[in-house]
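Tertiary structure, described
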Amino acid sequence: MHPWIRRRLALALLVCAPLAAEVRSLTILHTNDLHARMMPLENHHGGFAFLATVIRHERAGCHDCILLNAGDVAQGSPVSTIFHGLPVFELINLFGYDVGTLGNHDFDYGWMQARKFIQISNYPIVSSNVVGAEGQLFASKGYVILQVNGLRVAVIGAMTDDLKSLTTPKLMEQWHTTPVLATARKLARELKAQSDLIILLGHITTQEELQFLADAPEIPVLVTGHAHNGLPQPLVRDGRILVRVKGYAEELGRLELKVDTTTKAPVDYTWKHIPIDSTSTAPAADVAAIVKHWEDEVRARVDIPLAVSARAFDKREVRGLIEQAMRTQTGANFAFMNSGGVRDIVPKGQLLVRHIWDIMPFDNRVVVGTFKGRDLPAVVLGGRQIEPGRDYTLAVSDFTAANQSSADGLHTAGLQFPNDAGLLRDILIDWFRKKKLIE
Ligand SMILES: [Zn+2]
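Bear in mind that the values here come from a model prediction, so they are computed numbers and not experimental data. (Residues numbered from 1 in each chain as written. Predicted model: local features only at pLDDT ≥ 70, side-chain atom pairs only at ≥ 80, totals over all residues.)

**Concerning helix 8 (residues 180-191)**
For helix 8, built from 12 residues, the straight-helix expectation of 16 Å at 1.5 Å per residue is met to within 8% by its first-to-last C-alpha distance of 16 Å. Buried within helix 8 are the following residues: Val 180, Leu 181, Thr 183, Ala 184, Leu 187 and Ala 188. The arc enclosing the buried residues of helix 8, seen along the axis, measures out at 165 degrees, which places them on a common side. Opposite the buried face of helix 8, at more than 90 degrees from it, the exposed residues are Ala 182 and Arg 189. (Helix = DSSP H or I, 4+ residues; strand = E, 2+ residues; numbered from the N terminus. Expected span 1.5 Å × (residues − 1). Buried ≥ 20, exposed ≤ 12 C-beta atoms within 10 Å, placed from the backbone. Arc of directions from axis to C-beta.)

Dropping the structure here:
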């Protein structure tokens, strides 16, 4: 054979020969929906100082570990409400996140405050589909590519399409979402050549989770949040894997992957959700000190005896209590509280102002409107008889007034609520205090 031909043949073989399949490991530690619950819950689970200990334990000596956070860091405790979320973001800088994304509640103090959260975080916060009027990204980064154990890991941030109905126009101004599935899929296709694995870090609804699994073959691994209940085991479809843990720092997820760098997909996985048990874990001293500092700051304001509860009330019953309080305190004929706005139970025994903050961490206001009986939304009637031509007053939160047509709302639109009756939380505190015994 002519040497030139031989050379060409060798070159052709070199080009055509498939690269040897290489399998590399990657471990993803993950949290979601921390919701400012810096202290352990009533069930002794959670607590940031205890979560920090578990994170550090899992990470010790781990050469292929990354730590991800799937949004909703803020909102859920007096510290967050009083100081508008900043201490919570400062504190979780000690956890050592590699990437985070924003949740809908990270916008609860307005978009400018969410910008501050991004600025003070010591890790990148990515969001590919929250954009402004000109299509500019809110978070400046839609994705990052991490180098881990010889793998190029692309992490794409994503926000639920429901963002609009989970916030108010006043909080968001120009910022809105582009369709989450289409945006993330397009980005994943663009990133395929320059990465070995694509992960969606999504703050998305459970319905959207299933859509991604079914319709986004470009995205083999999904780490999500928004639903606060953790999964018992990963959701898997056609080899694609989705994981989510319990919110309020009750769990840390650990997903161990074997990634094929040729197919750019996992060939094997194991997942566990590690409970954060404050009764059997030592608190991380650095985190505990800062938690104590902020808790001391708010203690004088919230650890004040308020009333006694004869029994525990679940969230559905608490919703009824809130509607009672709204009616009594405003004198309205009807009241409506959206169930998603009820953030905690009422425990049995001594109630503190703190409990009301936990139930109602939002700075929502109560607004009242007057309507003819025939115009009252059916969801507020609760079986009561009304006269179509008579005037009735209806009290709702300003969140409900801004999102009347949402699934969790009045199933109507265009009702006007011109009278402001004050902060819902203050109204609740006042009602509980006067009532003394809740039964
Ligand atoms: Zn959320």
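**Comments concerning the domain arrangement of the chain**
Annotation of the chain at the domain level lists domain 1 (17-294) and domain 2 (304-438). Computed from C-alpha atoms alone, the centre-to-centre distance between domain 1 and domain 2 is 32 Å. Taken together, the 11 residues of domain 1 in the interface contact 12 residues of domain 2. Residue contributions to the side of domain 1 that touches domain 2 peak at 3 residues, all from helix 3 (residues 78-82). Here the side of domain 1 that touches domain 2 is composed, by residue class, of 2 nonpolar, 7 polar and 2 charged. (Domains from an automatic or database assignment. Contact = placed C-beta atoms within 7 Å. Nonpolar A, V, L, I, M, F, W, Y, C, P; charged D, E, K, R; others polar.)

**Considering helix 10 (residues 285-302)**
For helix 10, spanning 18 residues, the distance from its first C-alpha to its last is 24 Å, which sits close to the expected 26 Å at 1.5 Å a residue. Along helix 10, the sharpest kink reaches roughly 30 degrees, centred on Asp 296. At its buried positions, helix 10 is contacted by helix 2 (48-59), helix 3, helix 4 (86-92), strand 16 (349-352) and helix 12 (353-359). (Bend = angle between axes of the 7 residues up to and from the residue.)

**Structural notes on the sheet that holds strand 13 (residues 265-275)**
Strands sit in the order 3-2-1-12-13 across an open sheet of 5 strands; the sheet is mixed. What marks the edges here is a single partner per strand, and that holds for strand 3 (99-100) and strand 13. Looking at chain direction, strand 2 (residues 65-69) and strand 3 are connected through 2 bridges and run parallel. Among the inter-strand pairings, Asn 69 is bridged to a residue of strand 3, identified as Gly 100. This element, helix 2, spans strand 1 (23-31), strand 2, strand 12 (251-260) and strand 13 of the sheet and lies at about 25 degrees to strand 12. (Pairing = 2+ DSSP bridges. Axes fitted to C-alpha atoms, helices over the stretch in contact; angles between N-to-C directions.)

**Quick word on the nonpolar core**
Within the largest apolar cluster, 81 residues are counted, with the highest numbers of intra-cluster contacts made by Leu 68, Val 155, Ile 156, Ile 199 and Leu 201. In contact with Val 155, other than residues within four places in its own chain, are Leu 68, Val 99, Val 126, Tyr 143, Val 144, Leu 146, Ile 199 and Leu 201. In this structure, Leu 321, Ala 325, Val 396 and Ile 427 belong to the second largest nonpolar core, which totals 38 residues. (Core = buried A, V, L, I, M, F, W, Y, C linked by C-beta atoms within 7 Å.)

**Structural notes on the packing of helix 2 against helix 10**
For the pair helix 2 and helix 10, the least separation of the axes is 8 Å and the interaxial angle reads 165 degrees. The orientation of helix 2 relative to helix 10 falls into the category roughly antiparallel. The two elements helix 2 and helix 10 meet at a crossing, and its hand is right-handed. Across the interface between the two elements, Phe 48, Ala 49 and Ala 52 of helix 2 pack against Val 287, Ala 288 and Val 291 of helix 10. Of the residues contributing to the contact of helix 2 with helix 10, the split by class is 6 nonpolar, no polar and no charged. (Parallel < 35°, antiparallel > 145°, perpendicular 65-115°, else oblique. Left-handed = near helix turned anticlockwise from the far one by under 90°.)

**Observations regarding the pairing of strand 2**
Within a regular strand, the side chains alternate between the two sheet faces. The buried fraction of strand 2 is high, at 5 of 5 residues. Side-chain alternation along strand 2 places Cys 65, Leu 67 and Asn 69 on one buried face and Ile 66 and Leu 68 on a second face that is also buried. Of the strand pairs in this sheet, strand 1 and strand 2 are connected by 5 bridges, and their pairing is parallel. Bridging from a neighbouring strand, Ile 28 pairs with Ile 66 of strand 2. Regarding topology, helix 2 serves as the crossover connection from strand 1 to the parallel strand 2, and that connection is right-handed. (Right-handed = clockwise from strand over helix to strand, strands pointing away.)

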